[in-house]
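# Remarks on the overall topology
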Amino acid sequence: MQPSSCIPNEAEEEISRHPCYSEEAHRFYARMHIPVAPACNIQCNYCNRKFDCVNESRPGVVSEVLTPEQAERKVKGVAAQLMQLSVVGVAGPGDPLANPEQTFDTFARVKRHVPDVSLCLSTNGLTLYRHVDEIIELGIRHVTITINAIDPDIGREIYPWVFDEGVRYEGREAAELLISRQLQGLEMLAKLGILVKVNSIMIPGVNDHHLPAVSKRVKELGATLHNVTPLIIAPGSQYEADGRKAPRPKELHNLQELLGRDGMKVMRHCRQCRADAIGLLGQDRNQDFPLEAMEDDPAINEAARAQFQHDLDAKIRERVKVRRERHMQENAPKIRVAVATRGGDKVNQHFGHATEFLVYDTDGAEVQLLGVRKIQAYCHGKADCNGDKAATLQEIISILSDCRILLCSGIGEGPRVSLNKAGVLPLVRKGGIQEAILESVKYSSYFENINISKG
C-alpha cells in the first residue's frame, strides 16, 4: 500500500480539482491540453513528433497546431460546453518554453476569458529558470517537468543533443546541462510554492535501475508528485532503430511500488495523454470539439459552471472523508478489484482487448482507486491472436495476482478458467465502476468458499 501523502493540507485543497494530481479528481474533472508549442529545444531518443496522427495516443502527438488566437476561441468554446473542465494546460507538441511567446500569450488569454480554470505547464526544464517570473505573474500553479535522469552518463543515452541560445550541445555535455537546469528550475518553483510534478520515462537497460535515485532527489528538492510511465517508442525514433523495447507491465508496477515505499507520492493513474487531449483522463474527446465548430464568442454560463463544480467538490470531499475514516479502521477487510474499462468511469471493455486495468480496494462500502496497471493485450481480434497467448495471459495473471476479483464486459472461457485457477474471480459486468465493484463484493464469500481450482 502506498504511504499516505506528505502534501500539506493547503496543497491538497489546491490540487483537488486537478485530474493529473488527484486520483479522486480524475474521475470527475476534465483537462484540456492546448497545442500551441510546436518547437522543441532537445532531442529524445524515444521521440519523433507528428502533428497529423489522429489515431495515435502518446505525448507529443496532435492533430493540428493552434495559434494563441485559435486556442482562445477553442478554450472558450470547450468551457461553454464542458462544465467539469477544471484545468487548461500547454504540453506541446514540442516544449512550451521553447515557444515562450505563444505559450504565455495563450495562458494570458485563457486567464482573461476563463478565469475559473487552473493553468498547467509541462516542460523539459531546459529554460525553466528563465521563465519563473512569468509563471508566477500568470498564476500558473501546476508545472510538470520531465526528468529521466540525474546522472549525465545515463542522460547521454537518452538525449543526443540540446540546443540553447544558439549553441548545440551533444553527448554528456548536453545531458549535464539539461539535468542541471531541470533540478534548478524544480527547486526554484518549489521554494515559491508552485506544485511540481515530475514525469519520468522508464527505459529498460538505460534508466530503469536509476529512477529510484531520481525520485529521491526530486523529492528532496520539493516535488509534489512523481509519475513514472512506460517507454513508448515513436515510429521513426532512434530507439526504434536501435530495437529497444518498452518495459514489461510487471516491471513498471514493481518500480512504482518501490518508489511509493520510499516515501514519494506516486501517480498511478496516468494515461500518457496527447498534447491536444480534452476531457476526462482515459476518455479523450478532442474530436468532439473541432475548431471550426467553435463559436467566435460563445456565452460561458459562469454561474452554472460554478454550481456544477461546487457540487463535484462536495462529492469528492465526502468520498475523501469516508475513505479516511475507514482507513483508520485497521481491521476493516479489503478486497482488491481489477476493472477493464475504455473510460467514462464504466466497466465497458472485454478482457481480451484491455491494455490496462484500473485497480481498486474496497471494504464493501467505499471504493478507493490504487492506480493503473498496464498490460499487453491478450487479443485484439482473430488477426492478432497468433502470438504466444499463453505467455501473455500468464503475465497478466502475474500483474493481477493480488486482485481477488476482475470486472470486465466479457471474457473467453480459457482466460476465465486460468484466472480462476490463479485465485482471481472474473465477473462480467457493465455499468458504473463504483456500483459494479460494490455489487461484486456480494460474491466475495462465495469466492472464499468455493474450490475455484475446478474452474
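Residues numbered from 1 in each chain as written. Predicted model: local features only at pLDDT ≥ 70, side-chain atom pairs only at ≥ 80, totals over all residues. Heavy atoms only, no water.

Now for the side chain of Thr106. Here Thr106 lies in helix H3 (residues 100-113). Exposure remark for Thr106: the relative accessible area of 1% places this residue in the buried category. Looking at Thr106, its side chain comes within polar contact range of the main-chain oxygen of Gln102, at 2.7 Å. Not counting residues within four places of it along the chain, the set of residues in contact with Thr106 comprises Ile34, Val36, Pro68 and Ala71. (Helix = DSSP H or I, 4+ residues; strand = E, 2+ residues; numbered from the N terminus. Buried < 20%, exposed > 50% of the residue type's maximum accessible area, 1.4 Å probe, protein only. Polar contact = N/O pair within 3.5 Å; in protein donor to acceptor, adjacent residues only side chain to side chain. Contact = heavy atoms within 4.5 Å.)

With that settled, consider the nonpolar core. Within the largest apolar cluster, 72 residues are counted, with the highest numbers of intra-cluster contacts made by Ile34, Ile140 and Ile158. Counting residues per element, this core draws most heavily on helix H6 (residues 171-191), which supplies 7 residues. Excluding residues within four positions of it along the chain, Ile34 makes contact with Leu66, Ala71, Val75, Val88, Gly89, Val90, Ala91, Gly92, Thr106, Val110 and Ala275. If you look at the next biggest cluster of nonpolar residues, it comprises 21 residues, including Phe357, Ile375, Leu419 and Val424. (Core = buried A, V, L, I, M, F, W, Y, C linked by side-chain atoms within 4.5 Å.)

Confidence in the prediction for the chain averages 82 pLDDT; 82% of positions are at 70 or higher. A low-confidence stretch, residues 1-9 (pLDDT under 50), is modelled with 14 contacts involving residues beyond four sequence positions or located in other chains. (pLDDT = per-residue confidence, 0-100.)

Quick look at the sheet that holds strand S6 (residues 161-164) now. In spatial order, the strands read S2-S6-S7; together these 3 strands make up an open sheet with antiparallel pairing. Each of the sheet's edge strands pairs with one partner strand only, and the pair in question is strand S2 (42-43) and strand S7 (167-170). Relative to S7, S6 is paired through 4 bridges, and the arrangement is antiparallel. Within S7, the position partnered with Val162 by the bridge is Tyr169. Lying on the sheet, H6 is in contact with S2, S6 and S7; it crosses S7 at an angle near 105°. (Pairing = 2+ DSSP bridges. Axes fitted to C-alpha atoms, helices over the stretch in contact; angles between N-to-C directions.)

Moving on, we get to the sheet that holds strand S16 (residues 425-428). Strands pair in a sheet through their backbones, by hydrogen bonds, and they do so in one of two ways: parallel or antiparallel. Read across the open sheet, the 5 strands follow the order S14-S13-S11-S15-S16; overall the sheet is mixed. The strands lining the two open edges of the sheet, one partner per strand, are strand S14 (367-374) and S16. Direction aside, neighbouring strands of the sheet carry axes that sit 25° apart on average. Here 5 bridges tie strand S11 (residues 335-339) to strand S13 (residues 356-362), and the two strands are oriented antiparallel to one another. Counted as the bridge partner of Arg336 is Asp361 from S13.

If you want to describe how two helices pack, look at the angle between their axes and the distance between the axes. Packing of helix H7 (residues 211-220) against helix H9 (residues 249-261) brings their axes to within 10 Å, and their N-to-C directions diverge by 35°. Seen along the crossing, H7 lies across H9 with a hand that is right-handed. Contacts between H7 and H9 involve Leu211, Pro212 and Ser215 from the first element and Leu255, Leu258 and Leu259 from the second. Grouping the constituent residues of the contact of H7 with H9 by class yields 5 nonpolar, 1 polar and no charged. (Left-handed = near helix turned anticlockwise from the far one by under 90°. Nonpolar A, V, L, I, M, F, W, Y, C, P; charged D, E, K, R; others polar.)

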